[in-house]
Structures are given as structure tokens and as C-alpha cells.
Amino acid sequence: IAYRGTGQAVPLHRGPGSPAEVRYFDFSYVPLARDGEPLILVVATEVTAHKRVEAELRAACAELAAIHANAPMVLFVVNDEFRVEKVNDLAARFAGRASADLVGQRTGDAFGCLSALANSAGCGKGAACAGCPIRAAALDSLTNGARHEGVEAWMPRSVNGAAREPCLRISTAALQFDQGIKV
């Protein structure tokens, strides 16, 4: 039976009086026996560089999460099926719903677009959806990687049961991921 220790910190001294430098190792311990004598094979693989990259990645993710959460604009991340994958707090307040309630919905449904709500098939299926500049910009970003800035769209929406038609200025940009493209 092998035993593993992952990411163990080991102080490394370069010489007398030098400060200890912490290095990280993955250890594998394999019990052996030779001539009835119990032995242990220890294999150590240094993972210090990996640990540093992990820490940098965590810091970068935390920074981006803080920017996303606190941006003074409505932010939606939408997948190739026009379903919401991520929103910031301002987007949730704009929609008048909790962030968790928006995730997985089509964008028009999440925004409360009256054209989307009027059609039982939802966002993108109504007659008015074909001419929607928001949908057109997002679709162009998804299919062609095009970036759009300052697209104006009057969107009839339901806000707390009342119909309103605010003018929105939207921007779209393609986000390339291993799993596909998002906007």
C-alpha cells in the first residue's frame, strides 16, 4: 500500500546562517521488505513552481471576481445557447431578482423582456426577437468574435409587474474558453 503526502512544505537551508527557503514537495511512501527487514521507499517530487503558479492564479481570479462584482455596470456572461452563466450584483438588481435565479435563464427572460415573456418558447422565439439589437450584437460576437460597443436598444421590460421601456446601451465581446465561446 502506497501513502501520499501532497504539497508538504519543507524548509531548505542554503548554508549556515542563511534564511530557510520554503519548498513544496509531493511525497510517496511505499513500504517494502528485503530479507525480512522492513524498508520504506520515499519518492519526493518538488512542486514549488506549481504552488507558486497556483497562488498567482488564485490571486488573479480573486482580483477579477472583485472587479466583476463591483463594476458600475450590469454584467452578464452568456453561453452559446444565450443562457446566463454569470451575473454581477448590479445585474441582479437591474433584473429585480437574485443572481442565482438568473443563472441558466435565457437573457431576455432574465432581463424581463416583454417580447420574451410574451412567447411561451421564451427569449429569441418571438416575432420581435429577430430585430432585437441586443440579440444581434450577442449573436455576432458568438459566431464571428465581433466586439460591439454602445449599441442602443429600447427594451420593453416588466419591472415589478409594471411595463417600462428603457433605452439600454450595451457592449458585447467574445470570451474564448476551452469549452467554447461566451459573450
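All values derive from a computational prediction rather than experimental measurement.

**A closer look at the overall build of the protein chain**
- From N to C terminus, the protein chain includes 6 helices and 11 strands.
- Scaling as 2.2 N^0.38, a compact globule of 183 residues should have a C-alpha radius of gyration of about 16 Å, whereas the protein chain reaches 27 Å, well beyond that.
- If you line up the protein chain on its principal axes, its C-alpha atoms span 85 × 40 × 35 Å.
- Long-range pairs, those at least 24 residues apart, make up 31% of the contacts in the protein chain with a sequence separation of at least 6.
- If the 19 positive side-chain charges of the protein chain are averaged to one point and the 19 negative ones to another, these points end up 4 Å apart.

**As for unusual backbone geometry**
- Of note in the backbone geometry, Asp-35 takes a positive phi value of approximately 55° without being a glycine.
- On the secondary structure map, Asp-35 appears in the loop between β2 (21-34) and β3 (37-46).
- Backbone geometry places Phe-82, a non-glycine residue, at a positive phi of 60°.
- By the element assignment, Phe-82 lies in the loop between β4 (76-78) and β5 (84-87).
- Judged by its relative accessible area of 6%, Phe-82 falls in the buried class.

**Some words on the sheet that holds β3**
- Taken in spatial order, the 3 strands of this open sheet run β1-β2-β3, and their pairing is antiparallel. Single-partner strands in this sheet number two, and they are β1 (3-12) and β3. Along the sheet, successive strands turn relative to each other by an average axial angle of 35°, direction set aside.
- Pairing analysis gives 10 bridges linking β2 to β3, with the strands arranged antiparallel. Bridge pairing links Arg-34 to Glu-37 in β3.
- Contacts between helix α1 (residues 48-70) and the sheet are confined to β1, β2 and β3, with β2 contributing the most and set at about 130° to the helix.

**Describing the environment of Gln-8**
- Relative to the helices and strands, Gln-8 is located in strand β1.
- Each C-alpha atom, one on Gln-8 and one on Val-77, is 38 Å from the other, the two residues being 69 residues apart in sequence.
- When residues no more than four places from it in sequence are discounted, the contact partners of Gln-8 are Arg-23, Tyr-24, Phe-25 and Phe-27.
- A polar side-chain atom of Gln-8 sits 3.4 Å from the main-chain carbonyl oxygen of Thr-6.

Calculation notes
- Residues numbered from 1 in each chain as written.
- Predicted model: local features only at pLDDT ≥ 70, side-chain atom pairs only at ≥ 80, totals over all residues.
- Heavy atoms only, no water.
- Helix = DSSP H or I, 4+ residues; strand = E, 2+ residues; numbered from the N terminus.
- Rg over C-alpha atoms; globule rule 2.2 N^0.38 Å.
- Contact = heavy atoms within 4.5 Å.
- Lys, Arg positive; Asp, Glu negative; His and termini not counted.
- Charge placed at Lys NZ, Arg CZ, Asp CG, Glu CD.
- Buried < 20%, exposed > 50% of the residue type's maximum accessible area, 1.4 Å probe, protein only.
- Pairing = 2+ DSSP bridges.
- Axes fitted to C-alpha atoms, helices over the stretch in contact; angles between N-to-C directions.
- Polar contact = N/O pair within 3.5 Å; in protein donor to acceptor, adjacent residues only side chain to side chain.

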